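Given next are the chains, with one letter for each unit.
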Amino acid sequence: MDRLSPEYRAGVNDFIKVATQDARRRKLKKIFCPCEICVNHCRKTESEVRYDLFRYGIDQSYTCWTKHGENLHAPHASSCTVNFETHTSTEHEFEEGPLGNIPDSTIDDAPDYVAEATKMVDAILEDFPGDRRKFEKLIEDAKKPLFPGDSKLTKLSAIIKLYNLKAKHGVSDKFFGELLDLLKNEMFPDGNEIPSSTYEAKKSINPLGLNYVKIHYIARKLIWHDRDRNKDGLLRHPADAEAWKAIDERYPDFAEDPRNIRLGVSADGVNPFRGKKKSYSCWPILTVVYNLPPSLCMKRKFMMLTMLIQGPKEPGNDIDVFLAPFIDDLKLLFDEGVEAYDAYKQERFTLRDVVLWTISDYTALGNLSGCTVGGYDACATCGVNTHSTWLKYSKKVSYTGHRKWLPSGHRYRYQMKPFDGNQEFGVAPEPVSGLQRFEEAKSIENAWGKKGNGGRTLGKSTRSEFEDEDSSNLKKLSIWAKELEYFKYNLVQHNFDLMHIEKNVCESLVGTLLNDPLKTKDGYKARMDLNDLKIRPELKPVVAGKRMYLPPACYTLTKQENVKFCKTLYELKVPQGYCSNFSSLVSLKDSKLIGLKSHDYHVLMQQFLPLAVRSILPKNVRNTIIRLSSFFKSICKKEIDIVELDNIQRDLVETLCLLEKYFPPSLYHHDSSHRASSQRSEIVWTSLYSMDVSI
């Protein structure tokens, strides 16, 4: 309600009247403030409470005024009228000593810090569960000075103030415990009453009912995408995307209520025992609520750990078996919905949801979507029209042929020598839609279970005898499309995890530049593949007697250039918290990078790599790398102009063609020896190959 309206003003006056009558009956000088900031945790004067109610508004969940005299169990409670005769001072369960009513004269005569804490304990006496020992302890803590001497706080009031700061600033339990230990043992005088751990602090205030926190403002934020979002055509949030709008157009009854939830589901495998060098694959399934603004929807406390699939091996196709209960809940929430309470509007409504897409790396995408992510048809977007080449010596499949996406008449289409020795006049294949993929997979019968020596294997899938096995690159019918009626119509069903792609691309590129033996995509086999494909004959390995050497390529760095590259990264100075300290990630002795995390590769790819190569590579090669860095930077912006996406796609296609032109085809290969416990992804460039046609 508008807090300037006559109705709201009358409501505040009614509340103040009820609260002051209750305070007079109990001989209290102050009343609890129920505004959205105080939420009945502190007492204030009548004028202060009135000011807060007009400034901040009343706590929307406080519909029965139990802190101001109303009986929660009375039949009139829902109408917020008060029968003061049901509350008298003689009806408290405890009658004598420290457990009975605390005389106001005693409170008023006590020091301010004791009176404040004691009144707070007295305020909860009506609703106290009745544990005599706990209440005795509260009274004791409310009167006990924080430390001997001139203390302005009691033990109880100090703990509450510290815990309020912890909650306000989102401090972790570990940090809070270390702070308490520091205060108790090093900063406060001996004999102080500060708890030494977070556990002891929680134990002290739990009887006050402060161990549960209700966050009601989120209910208002769930409609942010409809009411408060900036709708100027820029892409800032999933609500700005065509996939979101397509759901609204297809299901107008769902879109009618903005409180209905749009979800994203992320899945990936991790090895929690990697430090102990044990093989294990644990798969967390995370769910994200996209109704919230960007500043909230990716925060840790608004992400839900929906499932945790334990190893010892990756689930593979069998992941659908584990997802089945989760999918059943999602299906119920869309088809029927569940009754929920809106604390903001103070009304009940039917809550429904849809899953917009899944998010994973390219390997997990195969398990979630049912597409093949290896072999000749590894592109989930192109399907059986994936352009792929078998590398005879590397024994890998290479994914090149990006010239098909160039405009007709582009000069690269006519160049033969730098590419595969042929001109390219082919047409780019149409992306496979979700509905098309569903129709192709309908005839596949999935078979689940463990085979072999006790470990999980990929669930088998069989096709109809009338179906051509080469007509699809699908290995199963995805449970998402099978069980969720709307999912097959989603414009984007499965998203690539950009950080994985960026890390894999940057790792392979930098490893090739620095000639890292474990990460380079250049070598004897790669050069023999070039010779087998009859391209770039000048790079053919040269054999002289018993020795063999590789002629330098345009991307080959000398020893001095390697040192210069590494020294540039080693001496970088960036603001604290921007990224890891690169001086600890660069080995000047070996001229290589060690121990980089995903975020380190993120800033290296977008910011540092162009700086490191600008003076050590030929102009055409360094410009190609800078173009690739610019692409990742352009799609990681907080705001993207949708009109510019076509230009970004055209630039990416040219960049991939340039990479084909200068780097060996082994850079685009697929490592079929990958396992879930491996630290390196099996897909290096296939995901980027798919991205250029689905951006």
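Before reading further, recall that the structure is shown in the block above.
No experiment lies behind these values; they were computed from the predicted model shown. (Residues numbered from 1 in each chain as written. Predicted model: local features only at pLDDT ≥ 70, side-chain atom pairs only at ≥ 80, totals over all residues. Heavy atoms only, no water.)

### Brief notes about helix 20 (residues 559–570)
Then step 1. For helix 20, which comprises 12 residues, the first-to-last C-alpha distance of 16 Å matches the rise-based estimate of 16 Å (1.5 Å per residue) to within 8%.
Then step 2. Of the residues making up helix 20, those classed as buried are N562, F565, C566 and L569. Projected onto a plane normal to the axis of helix 20, the buried residues spread over an arc of 90 degrees and lie on a single side.
Then step 3. Among the structural elements, helix 18 (498–513), strand 17 (586–587), strand 18 (592–593) and helix 21 (598–613) are those in contact with the buried residues of helix 20. (Helix = DSSP H or I, 4+ residues; strand = E, 2+ residues; numbered from the N terminus. Expected span 1.5 Å × (residues − 1). Buried < 20%, exposed > 50% of the residue type's maximum accessible area, 1.4 Å probe, protein only. Arc of directions from axis to C-beta. Contact = heavy atoms within 4.5 Å.)

### Remarks on the packing of helix 6 (residues 155–169) against helix 8 (residues 198–205)
Then step 1. As a packed pair, helix 6 and helix 8 sit with axes 10 Å apart at the nearest point and diverge in direction by 115 degrees. At the point where helix 6 passes helix 8, the crossing takes the left-handed sense. Touching L156, I159, I160 and Y163 of helix 6 are A201, K202, S204 and I205, all from helix 8. (Axes fitted to C-alpha atoms, helices over the stretch in contact; angles between N-to-C directions. Left-handed = near helix turned anticlockwise from the far one by under 90°.)

### With respect to unusual backbone geometry
Then step 1. For N515, which is not glycine, the phi torsion reads 55 degrees and is therefore positive.
Then step 2. Along the chain, the position of N515 falls in the loop between helix 18 and helix 19 (524–532).
Then step 3. Taking the relative accessible area as the measure of exposure, N515 reaches 52% and is therefore exposed.
Then step 4. The backbone of K534 sits at a positive phi, close to 60 degrees, despite the residue not being glycine.
Then step 5. Within the secondary structure layout, K534 lies in the loop between helix 19 and strand 15 (542–544).
Then step 6. Given a relative accessible area of 70%, K534 falls into the exposed group.

### A word on the nonpolar core
In globular proteins that are soluble, nonpolar side chains generally tend to be buried together.
Then step 1. F565, L569, F582, L604, L609 and F663 are the most contacted members of the largest nonpolar core, which totals 69 residues.
Then step 2. Put simply, the parts of the chain that give this core at least two residues each are helix 15 (362–369), helix 16 (434–441), helix 18, helix 20, helix 21, helix 22 (619–635) and helix 23 (645–662).
Then step 3. When residues in this core are grouped by element, the largest group, 9 residues, is from helix 23.
Then step 4. Among all residues touching L569, those that are not within four sequence positions of it are F582, V586, L593, L604, F608 and A612.
Then step 5. By size, the runner-up hydrophobic cluster in this structure holds 43 residues, among which are I218, L222, W244 and F254. (Core = buried A, V, L, I, M, F, W, Y, C linked by side-chain atoms within 4.5 Å.)

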